[in-house]
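# Residue-level structure breakdown
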Amino acid sequence: MELSEDDVLHILKLIDESKFDYFQLEVGELKITVSKGDPIPISASPQNVAVSQASAPAPQTASVAAAPAQKKEAPKPVVIPEGMVPIKSPMVGVFYVAPEPGKPPFVTVNGPVKADSTVGLIEVMKVFNAVSAGVDGIVTEVLAQNGQLVEYGQPLFLVKPS
Amino acid sequence: MSVTRVLVANRGEIAVRIINACQSLGIETVAAVSEADRDSLAAQKANRAVCIGPPRSSDSYLKVGALIAAARGTGCDALHPGYGFLSERAELAEACAQHNIVFVGPSADNIAKMGDKLQARRIAQSSGVPIVPGSDRAKNAPEAAVLAKQIGYPILLKASAGGGGRGIKLVSNPSEMETTFSTAAAEARAAFGDDTLYMERYIGNARHIEVQVLGDHFGNVIHLGERDCSLQRRHQKIIEEAPAYALTQDVRAKICEAAATLARSIGYRNAGTIEFIYDNDSSEFFFLEMNTRIQVEHPVTEMITGVDLVAQQLLIARGQALPYKQTNLRLHGHAIECRINAESPQHGFRPCPGRISNWQPPSGDGVRLDSHCYTGYVVSPYYDSLLAKLIVHGDNRAQAIDRMKVALATFQVEGIDTGIPFLQTIIDNPDYRCGKINTRWLEKKLDEYSASYVA
């Protein structure tokens, strides 16, 4: 399946009118990520299309931020649903979902984790610190954005413990 | 050098003070807070707060990496370290420089030079500023004993890496030297990772006098008069005043000039304080150390000069030239600051954390309060006990004392104990009112006060 420019514009319009502030679509090799806030640098794979809602609506390739994006607003408080366990950031720093750009993320939604599984990295002054799950279970949601500042104690993932 | 968004790398009243100064200049702020300070007044007042770690300061406010990550991640182009914590660590100033963050303070080189107290002594001496008769490094107890004999007992053993009243031991006579030397060295090694010791003659009847200086990037250095901070408890200041009312005009002018000369000699920039000890008996003054940061007691200088020192720090950091010349600074009246701590004077001044159920600070002409407290605020056991700085200004010292008396009497704090009842006895004391005090005077009053409650 191919996506035309009109398709992308249509998708953007739908997202704009919706309550969602983050949207990701994967069709085969093609991946579209749309966010209403800051651009979300996912990975440097050339097939990826990252479109910030505020920028030109035409699909462009690889508008991936090299430096960590700055987050001027504090993260919204996350309500932890009944029966779920958050994996919290052990320190303040820049959060990464994958060992390096272009590599698959450590964990994906619906994927299993063990207590000692590495689920992400936090970069503090060029030192990368592994984040462990601390719980056995299934990841149900990724709460933090790749390449963004996360605070100490900020929930990064939701896990349904097994 | 742009300063448009400042990471406030501190807590308590000084974090609020920095945020206020930033707001007055249209600068945005991000409060770096520990988990215990998420709901602090600074966190509420800043444009945003960022949680940098757990409550213990060694895991949060003392972590250079966490502060740099927080500053970069929140789009800050500057960082204000406040006082205490990392404010006098060259490491933080260096890390800021590496990450293109403007450090609101002196250069790393200024900090390192003055942080080594022995080196600071040498710098003072070479700029012609009198230093307390004493020694260079004493390598061991026998060498110290020889040096002490030349200086004359009693002497103080001081850690070169200390400062701010920490790492000081009194040696009254030769028989105490061996034990005290090894204890002092061990403590300095444990506290500062450096056991270098030096000696100074102990001046028993002394006043603590310090001079506020400001320097900019263009080599302009001015002084903003002096403060008398003689009322101390275990080397921690409790009541501070400006100007130094007990000194003659001539001595005041000489002390201030000495301070400016010293600051100029190291190309000092931003706000700093040069501390002196004044011998009441001989009327001599000697350099003690330099604090390369804003000080707790800076408001008394602000009250008599009309200069907003924290705003000046930000403007200097931004690269602006000092808007004042030495000759057009005028001092007006007298200012007194009382530090209001969470402590229980009736129980040997033990710290008193807890929830403040009622907080009604005084107000009125010439009254200023710098504080992070409010009704419902929980005083955390993790940090120092400073709740507020109560500052008054009057046309003269007598009026300032009268205003302080009324302000303390109308200050209502419930839920926790504070030092206010003790401070009231000091402000009312005839010896205090006529200025017959020295650096040991308050300790005696503390003992008398505590004894009256034990009896």
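Analysis parameters
- Residues numbered from 1 in each chain as written.
- Chains lettered and ligands numbered in written order.
- Predicted model: local features only at pLDDT ≥ 70, side-chain atom pairs only at ≥ 80, totals over all residues.
- Helix = DSSP H or I, 4+ residues; strand = E, 2+ residues; numbered from the N terminus.
- Contact = placed C-beta atoms within 7 Å.
- Rg over C-alpha atoms; globule rule 2.2 N^0.38 Å.
- Buried ≥ 20, exposed ≤ 12 C-beta atoms within 10 Å, placed from the backbone.
- Nonpolar A, V, L, I, M, F, W, Y, C, P; charged D, E, K, R; others polar.
- Axes fitted to C-alpha atoms, helices over the stretch in contact; angles between N-to-C directions.
- Parallel < 35°, antiparallel > 145°, perpendicular 65-115°, else oblique.
- Left-handed = near helix turned anticlockwise from the far one by under 90°.
- Domains from an automatic or database assignment.
- Expected span 1.5 Å × (residues − 1).
- Pairing = 2+ DSSP bridges.
- pLDDT = per-residue confidence, 0-100.
- Core = buried A, V, L, I, M, F, W, Y, C linked by C-beta atoms within 7 Å.

### Some details on the overall build of chain A
When its secondary structure is counted, chain A shows 1 helix and 11 strands. The linear arrangement of helices and strands in chain A, starting from the amino end, is α-β-β-β-β-β-β-β-β-β-β-β. For chain A, the share of sequence-separated contacts (at least 6 apart) that also reach a separation of at least 24 residues comes to 55%.

### With respect to the overall build of chain B
Across its full length, chain B carries 15 helices and 23 strands. Taken over the C-alpha trace, chain B has a radius of gyration of 21 Å; the compact-globule value for 455 residues is 23 Å, and the two agree within 12%. Taking the principal axes of the C-alpha coordinates as reference, chain B spans close to 60 × 55 × 45 Å. The 455 residues of chain B split such that 51% are buried.

### So, the interface of chain A and chain B
On the side of chain B, 17 residues touch chain A, which itself brings 16 residues to the contact. When the residues that make up the side of chain A that touches chain B are grouped by side-chain class, the tally is 9 nonpolar, 3 polar and 4 charged.

### A closer look at the packing of helix α7 (residues 141-151) of chain B against helix α8 (residues 177-192) of chain B
Residue and element names in this part refer to chain B. For the pair α7 and α8, interaxial distance at closest approach is 9 Å and the crossing angle is 120°. By the criterion of interaxial angle, the relationship of α7 to α8 is oblique. Once α7 is placed against α8, the crossing between them reads as right-handed. Of the residues in α8, those in contact with Ala141, Ala144, Ala145 and Ala148 of α7 are Met177, Glu178, Phe181 and Ser182. For the contact of α7 with α8, the per-class residue count stands at 6 nonpolar, 1 polar and 1 charged.

### Here's the deal with the environment of B:Ile304
All names here are of chain B. Along the chain, the position of Ile304 falls in helix α10 (residues 298-305). The sequence separation of Ile304 and Cys76 amounts to 228 residues, and the corresponding C-alpha distance is 33 Å. Contacts of Ile304, omitting those with residues within four sequence positions, involve Gly225, Ala242, Pro243, Leu331, His332, Gly333, His334 and Ala335.

### So, the domain arrangement of chain B
Interface extent is often summarised as the accessible area lost during association of the parts. The domain boundaries assigned to chain B delineate domain 1 (5-102), domain 2 (133-201) and domain 3 (206-454). Taking only C-alpha atoms, the centre of domain 1 of chain B and the centre of domain 2 of chain B are 36 Å apart.

### Structural notes on helix α1 (residues 5-17) of chain A
Taking 1.5 Å of rise per residue, 13 residues should cover 18 Å, and α1(A) covers 19 Å from first to last C-alpha, within 8% of that figure. Of all 13 residues making up α1(A), only 0 are buried, and the element is barely covered by its neighbours.

### A word on the pairing of strand β9 (residues 137-142) of chain A
All names here are of chain A. The pairing of strand β6 (residues 112-113) with β9 spans 2 bridges and is classified as antiparallel. Its bridge partner lying in β9, Val113 is registered against Gly137. Where β9 lies against strand β11 (residues 155-161), 5 bridges are found, and the strand directions are antiparallel. Bridge pairing in β11 links Glu141 to Leu158.

### Notes on the confidence of the model for chain B
For chain B, per-residue confidence averages 96 on the pLDDT scale, and 100% of positions sit at 70 or higher. If you check the scores for this complex, the pTM reads 0.86 and the ipTM reads 0.82.

### Overview of the confidence of the model for chain A
In low-pLDDT regions, the fine details of the predicted coordinates are not to be read closely. All names here are of chain A. When pLDDT is averaged across chain A, the result is 76; 65% of the residues are at 70 or more. Of all the helices and strands in chain A, strand β3 (residues 48-52) carries the lowest mean pLDDT, 35, while β11 carries the highest, 97. Predicted confidence is poor over residues 38-68, with pLDDT under 50, and the contacts of this stretch with residues over four places away or in other chains come to 66 contacts.

### Looking at the sheet that holds strand β5 (residues 93-96) of chain A
Residues and elements named next belong to chain A. Strand order in the open sheet formed by 4 strands is β8-β7-β5-β10, with antiparallel pairing between adjacent strands. Of all strands in the sheet, those with a lone pairing partner are β8 (127-132) and β10 (149-150), marking the two edges. Note: strand β7 (residues 118-124) against β8, 6 bridges, orientation antiparallel. Across the sheet, Glu123 pairs through a bridge with Phe128, a residue of β8.

### Considerations on the nonpolar core
Residues and elements named next belong to chain B. Judged by nonpolar contacts, the single largest core of 113 residues is most densely connected at Leu7, Val8, Ala32 and Leu79. Those residues in contact with Ala32 that lie beyond four places of it in its chain are Leu7, Val8, Ala9, Val50, Ile52, Leu67 and Ala70. Ile336, Ala400, Ala407 and Ile420 belong to the second largest nonpolar core, which has 35 residues in total.

### Things to note about the sheet that holds β9(A)
Spatial ordering of the open sheet is given by β4-β11-β9-β6 (chain A), a layout of 4 strands whose pairing is antiparallel. Edge positions in the sheet fall to β4 (85-88) and β6 of chain A, since each has one partner strand and no second.

### A look at the environment of B:Val296
Residue and element names in this part refer to chain B. Note on placement: Val296 falls in the loop between β14 (285-291) and α10. Along the primary structure Val296 and Ala259 are separated by 37 residues, whereas in three dimensions their C-alpha atoms are 19 Å apart. If we skip the residues at most four places from it in the chain, Val296 touches Tyr83 and Lys389.

### Quick word on the packing of helix α1 (residues 12-24) of chain B against helix α11 (residues 309-317) of chain B
Residues and elements named next belong to chain B. For the pair α1 and α11, interaxial distance at closest approach is 9 Å and the crossing angle is 60°. α11 is crossed by α1, and the crossing has right-handed handedness. Residues Arg17, Ile18, Ala21, Cys22 and Ser24 of α1 touch α11, and the partners they reach there are Val310, Ala311 and Leu314. Across the contact of α1 with α11, the residue classes tally to 6 nonpolar, 1 polar and 1 charged.

### Considerations on unusual backbone geometry
Residue and element names in this part refer to chain B. With an omega of -5°, the peptide bond running from Tyr153 to Pro154 counts as cis. With respect to the secondary-structure elements, Pro154 resides in the loop between α7 and β7 (155-163). The peptide bond linking Ala242 to Pro243 adopts the cis configuration, its omega dihedral lying at -5°. Phi angles above zero are rare outside glycine, and His235 is one such case at about 65°. A tally of 12 C-beta atoms within 10 Å means that His235 is categorised as exposed.

### Considering the environment of B:Leu224
Turning to its location among the elements, B:Leu224 is positioned in strand β11 (residues 221-233). Note: C-alpha distance between B:Leu224 and B:Val392 (168 residues apart in sequence) is 18 Å.

### Considerations on helix α5 (residues 108-115) of chain B
Residues and elements named next belong to chain B. Most of α5 sits out of view: 6 of its 8 residues are buried. Considered for burial, the residues of α5 that qualify are Ala108, Asn110, Ile111, Lys113, Met114 and Gly115. Those residues of α5 that are buried lie in contact with α4 (90-98), α6 (117-126) and β14.

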